[in-house]
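As a plain string of letters, each chain reads:
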Amino acid sequence: MTLVVSGKSFNRSFNDTVERMATDIKESVRPVDAAALLALLPSRPRMLALGEPTHGEDDLLDLRNLLFRQLVEQEGYRTIAIESDCLAGLRVDAYVTTGAGTLDEAVAHGFSHGFGASAANRELVRWMRAHNEGRPAAEQVRFAGFDGPLEITGAESPRTALTALHRHLAEHADPDLLPCTAATLDRLLGADDRWTEPAAMMDPTRSAGQSAEAAQLRLIADDLVALLDTLTPQLATAPPSEERDPSEEWDRARLYARTAVGLLRYHHWTADTSPGRMARLIGLRGAMMADNLLALAERGPVLVFAHNSHLQRERSSMRMGGVRLEWWSAGALVAARPGADYAFVHTALGTIRHRGVDTPPPDTVEGLLHALPDDRVLVDARGLAAALTGTPPAPRESPWFGYAPLDPAHLAAVDGLLYVRDVGPQG
């Protein structure tokens, strides 16, 4: 059985806490579903962020898929945004809304970070297309990547975003207002492999990001974005026709604009040699993510799915090359905006035995929840944090770098806690 735990009252010792928790469970049993999830929150958020503590576990993605279907069918959510390339995601969105291409093509080319290999992601795309079949556009579900076109080891060429933005403006603006021709843009961009040089992440001197051409491209991108802004009344409010939807084109153009500027900025700082280089880069990635989320939320409620570290309100951290990096995540940046309608549900795990992550110690939050007999529990995180004030749990240590345990100090900043007992093949 899958249960919701109310965190209203617990005794001060962990033994008493477990006993009292068992009593509270009996008094407040609900299935883990979309309604129960939203019941933890003061209101239905426009951005509902569901985190995961590790990548590559389809058990977690299957649960995400179930919750998204329920949010669509019962609560009016229409978009899912995942931690994947925002430009590649356009291919998935085209498939699920219009049937363009095939399922195989959408999955193979519409995900970054290797996420297209996931059977659960394939099932998500298949279900979205089946759901949309025969429905009017206003009732269709939408797919989006909200990450930039970059990996932790490098970034894509700005060509796709810059040329698409230039082409869109060339179709709608006086040619004399464009800062350069398409041919000039192509010449300055040069070969794509100069931008995607794998060695640049470890050796800044191998990056093209601070070349004379890159500097000129940053100015051109700035002028293109400014021109797009000046055409807002013309492009954002034009009436639709059978051939085109101006609002969709406007959203797409703004995505290209954000991505072009963000990528050029990212490449510039990839070429930096200062000690703050890596922290700046990961912070820039978070800012690109945040801007994409804010834009997606303009069109309606969205379920956001990514690693907990990209969605939490507290400052995020990771180790890279023996150096500790800290940054404000996309979730923290979005939540800090005045009027942001954002909620974050942190997912914590018990075991990932095939990765060497075994039963959590009993004095951790995961250990406390693991003592329950249930495979999944949904917890009032702030209530649990208040209950554990007198018996602060120990932080859990992971033997595997790919799993990030819950930091108990973050509980009070979490809107809900989803605990999954075991993931992956069980021996």
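Rules behind the numbers
Residues numbered from 1 in each chain as written. Predicted model: local features only at pLDDT ≥ 70, side-chain atom pairs only at ≥ 80, totals over all residues. Heavy atoms only, no water. Helix = DSSP H or I, 4+ residues; strand = E, 2+ residues; numbered from the N terminus. Rg over C-alpha atoms; globule rule 2.2 N^0.38 Å. Buried < 20%, exposed > 50% of the residue type's maximum accessible area, 1.4 Å probe, protein only. Contact = heavy atoms within 4.5 Å. Areas by Shrake-Rupley, 256 points an atom, 1.4 Å probe, with all protein chains shown as cover. Lys, Arg positive; Asp, Glu negative; His and termini not counted. Charge placed at Lys NZ, Arg CZ, Asp CG, Glu CD. Expected span 1.5 Å × (residues − 1). Arc of directions from axis to C-beta. Core = buried A, V, L, I, M, F, W, Y, C linked by side-chain atoms within 4.5 Å. Pairing = 2+ DSSP bridges. Polar contact = N/O pair within 3.5 Å; in protein donor to acceptor, adjacent residues only side chain to side chain. pLDDT = per-residue confidence, 0-100. Phe/Tyr/Trp six-rings, centres within 6.5 Å; stacked < 30°, edge-to-face > 60°. Lys NZ or Arg CZ within 6 Å of the ring centre and 35° of its normal. Axes fitted to C-alpha atoms, helices over the stretch in contact; angles between N-to-C directions. Parallel < 35°, antiparallel > 145°, perpendicular 65-115°, else oblique. Left-handed = near helix turned anticlockwise from the far one by under 90°.

*Asks:* Sorry if this is basic, but what is going on with the overall build of the protein chain here?
*Replies:* Helices and strands together make up the secondary structure of the protein chain, namely 16 helices and 12 strands. A globule of 427 residues ought to have a C-alpha radius of gyration of about 22 Å, and the protein chain, at 23 Å, matches this closely. Across its three principal axes, the protein chain shows a C-alpha extent of roughly 75 × 55 × 40 Å. In the protein chain, which comprises 427 residues, the proportion classed as buried is 52%. For the protein chain, the proportion of contacts with a sequence separation of at least 24, taken over those separated by at least 6, is 76%. Accessible area for the protein chain stands at about 18,600 Å²; split by element, carbon and sulfur atoms hold 51% of it. Averaging the coordinates of the 42 positive side-chain charges in the protein chain and doing the same for the 57 negative ones gives two points 2 Å apart.

*Asks:* Teacher, can you tell me more about helix α9 (residues 212-230) here?
*Replies:* The periodicity of an α-helix, 3.6 residues per turn, causes residues three or four places apart in sequence to face the same way. Here α9 spans 28 Å end to end across 19 residues, near enough to the 27 Å set by a 1.5 Å rise per residue. Within α9, burial applies to A214, L217, I220, A221, L224, L227 and L228. Take α9 and look down its axis: the buried residues cluster within an arc of 135°, on one side only. Every exposed residue of α9 that faces more than 90 degrees away from the buried side is listed here: A212, L219 and T230. Buried residues along α9 sit in contact with α7 (159-172), α8 (182-189), α10 (232-236) and α11 (246-270).

*Asks:* Looking at this model, I keep getting lost on the nonpolar core. Mind explaining?
*Replies:* Ranked by size, the top nonpolar core spans 46 residues in total, and within it L48, F68, I80, V125, M128, F143 and L418 carry the most contacts. If you tally residues by element for this core, the top one is helix α3 (residues 58-75), at 7 residues. With near-sequence residues (within four places) excluded, L418 lies in contact with V32, L50, L63, V345, H346, T347, A348, V377 and L378. Within the second largest apolar cluster, 34 residues are counted, among which are L293, A330, V365 and Y419.

*Asks:* When you look at the pairing of strand β3 (residues 79-85) in this model, what are you seeing that I'm missing?
*Replies:* Taken residue by residue, a regular strand's side chains alternate between the two faces of the sheet. Counting buried positions over the 7 residues of β3 gives 7, a clear majority of the element. With 5 bridges joining them, β3 and strand β4 (residues 142-147) adopt parallel strand pairing. From the neighbouring strand, D85 faces β4, where its bridge partner is D147.

*Asks:* What am I meant to see in α3 here?
*Replies:* Here α3 is 18 residues long and its end C-alpha atoms lie 24 Å apart, about the 26 Å a rise of 1.5 Å per residue gives. Buried residues of α3: L60, L61, L63, R64, N65, L67, F68, Q70, L71 and V72, and no others. A positive backbone phi angle near 85° is found at G76, which sits one or two residues after α3.

*Asks:* Could you clarify how one ought to interpret unusual backbone geometry in this entry?
*Replies:* One non-glycine residue, H113, lies in positive phi territory at about 60°. With respect to the secondary-structure elements, H113 resides in the loop between α5 (103-109) and α6 (119-132).

*Asks:* When you look at the environment of V141 in this model, what are you seeing that I'm missing?
*Replies:* Here V141 shows up in the loop between α6 and β4. Distance in space between the C-alpha atoms of V141 and A214 is 38 Å, their sequence separation being 73 residues. If we skip the residues at most four places from it in the chain, V141 touches F68, V72, R78, V96, T97, M128, H131 and N132.

*Asks:* Whenever I open this one, the side chain of S309 confuses me. Can you help?
*Replies:* With respect to the secondary-structure elements, S309 resides in helix α13 (residues 308-311). Accessibility expressed as a relative area gives 16% for S309, which makes it buried. At a separation of 3.0 Å, a polar atom in the side chain of S309 contacts the side chain of H307.

*Asks:* Please explain the confidence of the model for the protein chain as it appears in this structure.
*Replies:* Reading fine detail from the predicted coordinates is not recommended where pLDDT is low. Considering every residue of the protein chain, the mean pLDDT works out to 92; 92% of them sit at 70 or more. Per-residue pLDDT stays below 50 along residues 24-29; that stretch engages in 13 contacts with residues further than four places along the chain or on separate chains.

*Asks:* What exactly am I supposed to notice about the packing of aromatic side chains here?
*Replies:* Within a pair of aromatic rings, the relevant descriptors are the distance that separates the centres and the angle that separates the planes. Under the criterion given, the structure shown has 3 aromatic pairs. Relative to F143, the ring of F111 lies with its centre 5.4 Å away and its plane at 70°, an arrangement referred to as edge-to-face. Here F111, found in the loop between α5 and α6, pairs with F143, found in strand β4; they are 32 residues apart in sequence, far enough to count as distant. Comparing F111 with F143 shows no difference in burial state: the two are buried. Considering the side-chain rings of W400 and F401, the 5.9 Å spacing of their centres and the 65° angle between planes classify their relative orientation as edge-to-face. When the ring centre of F305 is taken as reference, the NZ or CZ atom of R64 above it lies at 5.1 Å. Directly above the aromatic system of W269 lies the positively charged group of R280, at a separation of 3.7 Å from the ring centroid.

*Asks:* What's the story with the packing of α9 against α11 in this structure? I'm lost.
*Replies:* When two helices pack together, you describe them by how their axes are tilted relative to each other and by the distance separating the axes. Following both chains from N to C, one finds α9 and α11 inclined at 155°, their axes separated by 10 Å at the closest point. It follows that α9 is roughly antiparallel to α11 by the angle criterion. By crossing handedness, the relation of α9 to α11 is classed as left-handed. Of the residues in α11, those touching α9 at L217, R218, A221, V225 and L228 are W250, A253, R254, A257, V261, L264, R265 and H268.

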